[in-house]
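# Secondary and tertiary structure notes
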Amino acid sequence: MSESNPQFVRFTGHRGFTQRLVLATLTGKSIYISEIRKGTTTGLAPHEVSFARLLDSVTNGSVIEFSNSGSAMKYQPGLITGSVPGVNASAAGDVIEHKIGEDNTRGITYFLIPLALLAPFSKSHMNVRFSGPGVITSATHGTGDISVDTFRTAVLPLYGLFGIPPARIELRVLSRSCPGPRGKGGGGVVELRFASQVRLPKTLHMNRRPGRIRRIRGVAYCTGVSASNNARMITAARGVLNPFVSDVHVAAQYDPAPLVGDDKSGGKKKIGIGFGLSLVAESSAEGVLYAADVVAPPGGMIVPEDIGTQCAHQLLEVIAQGGCVSSVSASTVLTLMAMGSEDVGRLRLGRDVLGNEQTIRLARDLKKFGASSWGIREVDDEADETGDFIISVKGTGVGNVGRKVA
């Protein structure tokens, strides 16, 4: 529960917004974020306000305050309760309904990735349905959000490495959508059911060699356009990947464009029209996954063959970065390691993954929240010329507070 006179951990800027709110909720420390988009009149963006509302829905006792200009906020975290029928979920069911407005420009994984990090530490199951004219299930341009398919196949399976059974985690894509006009809105519907709550995540040791790629799986999707686009993307991607791996299978998914209300005409309109491709490479080593995501821009002017070729080349580049975890899932794995038992876990990361902005920001934020500094050393195998690093992370032993007091 929030304290009456808390000591705030202070941050500036809007980068790492969800990451900092998640760490504050897991550690129980209050935060103050200032200078959000300093020099502009916008302050907090619609997707950031929406995520703050989502946090308020899945916790009990949280206090969230925004400044008049939207350039600063205070957050005092409460207890992660999950979906409680009759309290934050409907009395007839066990699902929290979260509506996303039409001015949203972020993919739904902007909400799903931090929500999945909170779910194992919840007092009860975490069941949330995302709906509304702003839900985008595909990857996005500019913001770098991954699609729901990559989240399901390349991020959620990694929870099993921490003793959190993936079999009890379900992601339902009830309606697909791509970014609407000018990248805003989508109209999709997604439901996350996370029934794997743990006391403490297991200590992870993934400092071995990442192994060789043994197969590639993926999903080609299109909404509101010809289903033949899927076959064209798959053929182009296989043309690049088959010389390297013979076991390549990409599923095709077609959905009609979602209908959303139109305030001007009073009727309904189709948005979220487009197509894209998600690819995941599975290694011979357990838990090593590499992912790539490409979607057609909202303005079009690109053929499906280009999407397939770009996605295949992007996947090869991600594999070439090395390590046991790609940049898509590095923050999830490192955060779970930091929240685990007070033991030292080890993770092998590629040089580019370790050196990117998101990973460095996570290391700094964890230290601000009281976690130990990471130990970093190069792989000392003379026969290994990958240039990978071994990251040593000591757990804080925070674990599931809700399970502790229950």
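For the structure itself, look to the data block above.
Within each chain, residues carry numbers counting from 1 in the order of the written sequence. Since the coordinates come from a predicted model, pLDDT governs what is reported: local features require at least 70, and pairs of side-chain atoms require 80 or more to be given and counted, while whole-chain, interface and lining totals use all residues. Values shown for side chains rest on all heavy atoms present in the structure; no hydrogens or waters enter the calculation.

## A short note on the nonpolar core
Formally: Residues belong to one nonpolar core when they are buried, are Ala, Val, Leu, Ile, Met, Phe, Trp, Tyr or Cys, and are joined through side-chain atoms within 4.5 Å. Only protein chains enter the accessibility calculation, which uses a 1.4 Å probe. A residue is then buried if its area is under 20% of the maximum for its type, exposed if over 50%, and partly exposed in between. A run of DSSP states H or I qualifies as a helix once it reaches four residues; a run of E qualifies as a strand once it reaches two. Both are numbered from the N-terminal end. By definition, residues are in contact when any of their heavy atoms lie within 4.5 Å.
Among the nonpolar cores identified, the biggest contains 106 residues, and Phe130 and Tyr159 are the most heavily contacted of them. In terms of residues, this core owes the most to one element, helix α3 (residues 109-118), which gives 8 residues. What tyrosine 159 contacts, discounting residues up to four positions off in sequence, is Ile113, Ala116, Leu117, Pro120, Ile164, Ile169, Phe194, Thr332 and Leu336.

## Details of the layout of surface pockets
Using the following cut-off: Lining residues are those with an atom within 4 Å of a point, where the points come from a 1 Å grid over the protein atoms alone and group into cavities, where a 1.4 Å probe fits but cannot get out, or pockets, open sets with protein on both sides within 12 Å along at least five of seven lines. Grid points are joined across faces, edges and corners, and a volume is the space filled by probe spheres set on the points. The residue classification treats Ala, Val, Leu, Ile, Met, Phe, Trp, Tyr, Cys and Pro as nonpolar and Asp, Glu, Lys and Arg as charged. All others, Gly included, are polar.
Size it by volume and the largest pocket reaches roughly 1,300 Å³. Lining the largest pocket are 44 residues, with Arg106, Thr143, Gly144, Asp145 and Gln358 positioned closest to its centre. Those elements that place two or more of their residues in the lining of the largest pocket are α1 (17-27), α2 (46-58), α3, β17 (289-295), α6 (304-320), α7 (330-338) and α9 (357-368). Considered class by class, the residues forming the lining of the largest pocket number 15 nonpolar, 20 polar and 9 charged.

## Comments concerning the packing of helix α5 (residues 228-241) against α6
For the record, the criterion: Lines fitted to the C-alpha atoms define the axes, with helices restricted to the stretch that makes contact. Angles between their N-to-C directions range from 0 to 180 degrees. These descriptions rest on fixed angle ranges, namely under 35 degrees for roughly parallel, over 145 for roughly antiparallel, 65 to 115 for roughly perpendicular, and the rest for oblique. Working rule for handedness: look at the near helix, and if it is turned counterclockwise from the far one by less than a right angle, call the crossing left-handed; if clockwise, right-handed.
Direction vectors running N to C along α5 and α6 enclose 40 degrees, while the axes themselves pass 7 Å from each other. By the angle between their axes, α5 is oblique relative to α6. The way α5 lies across α6 gives a crossing that is right-handed. Seen from α5, the contacting residues are Asn229, Arg232, Met233, Ala236, Ala237, Val240 and Leu241; seen from α6, they are Pro304, Glu305, Ile307, Gly308, Thr309, Ala312, His313, Leu315 and Leu316. Of the residues belonging to the contact of α5 with α6, the class tally is 10 nonpolar, 4 polar and 2 charged.

## Observations concerning α5
Defined as follows: Expected span of a helix: the number of residues minus one, times 1.5 Å.
Taking 1.5 Å of rise per residue, the 14 residues of α5 would be expected to cover 20 Å, and the 20 Å separating its terminal C-alpha atoms lies within 8% of that figure. Among the structural elements, β12 (213-223), β13 (248-255), β16 (274-283) and α6 are those in contact with the buried residues of α5.

## A word on empty space enclosed by the protein
Counted according to the given criterion, the structure contains 1 cavity of 30 Å³ or more. Of the voids in this model, the largest cavity is the one considered here, and its volume is about 50 Å³. Lining the largest cavity, in full, are Pro201, Lys202, Thr203, Leu204, Met337, Gly340, Ser341, Asp343, Gly345 and Val393.

## Some remarks on the side chain of glutamate 282
To keep it simple, the criterion reads: Counting of polar contacts relies on pairs of N or O atoms within 3.5 Å, with two restrictions inside protein: one atom must be capable of donating a hydrogen and the other of accepting it, and residues adjacent in sequence are counted only when both atoms are side-chain atoms.
Its location among the elements puts glutamate 282 in strand β16. In this structure the side chain of glutamate 282 is engaged in a polar contact, spanning 2.6 Å, whose partner is the side chain of arginine 215. Beyond its immediate chain neighbours, meaning those up to four positions away, glutamate 282 contacts Arg212, Ile213, Arg214, Arg215, Arg217, Val288 and Leu289.

## Things to note about the packing of aromatic side chains
Heads up, the condition is: Ring geometry is summarised as follows: Phe, Tyr and Trp rings, the Trp one being its six-membered ring, pair when their centres sit within 6.5 Å, and such pairs are stacked at plane angles under 30 degrees, edge-to-face over 60 and tilted between the two. The criterion is that NZ of a Lys, or CZ of an Arg, lies within 6 Å of the ring centre and within 35 degrees of the ring normal, and then a charge sits over that ring.
A complete count under the given rule lists 5 aromatic pairs for this structure. For the ring pair tyrosine 159 and phenylalanine 194, a centre distance of 5.6 Å and an interplane angle of 75 degrees mean the geometry is edge-to-face. With tyrosine 159 in the loop between α4 (148-155) and β9 (169-175) and phenylalanine 194 in strand β10 (residues 189-194), this pair connects stretches of sequence that are 35 residues apart. Geometry around phenylalanine 11 places lysine 368 over its ring, the cationic atom sitting 4.7 Å from the centre.

## Looking at the sheet that holds β9
Rules: A pair of strands counts as paired when DSSP detects no fewer than two bridges linking them.
One open sheet holds the 4 strands; their spatial order is β7-β8-β10-β9, and the pairing between them is mixed. With one partner strand each, in any of the chains shown, β7 (96-99) and β9 form the two edges of the open sheet. Shown here is a sheet whose adjacent strand axes are inclined to one another by a mean of 15 degrees, direction ignored. Of the pairings in the sheet, the one linking β7 to strand β8 (residues 126-131) comprises 4 bridges and is parallel in character. The residue bridging glutamate 97 from the neighbouring strand is arginine 129, located in β8. Most of the contacts of α2 go to β7, to which it runs at about 170 degrees, and overall it touches β7 and β8.

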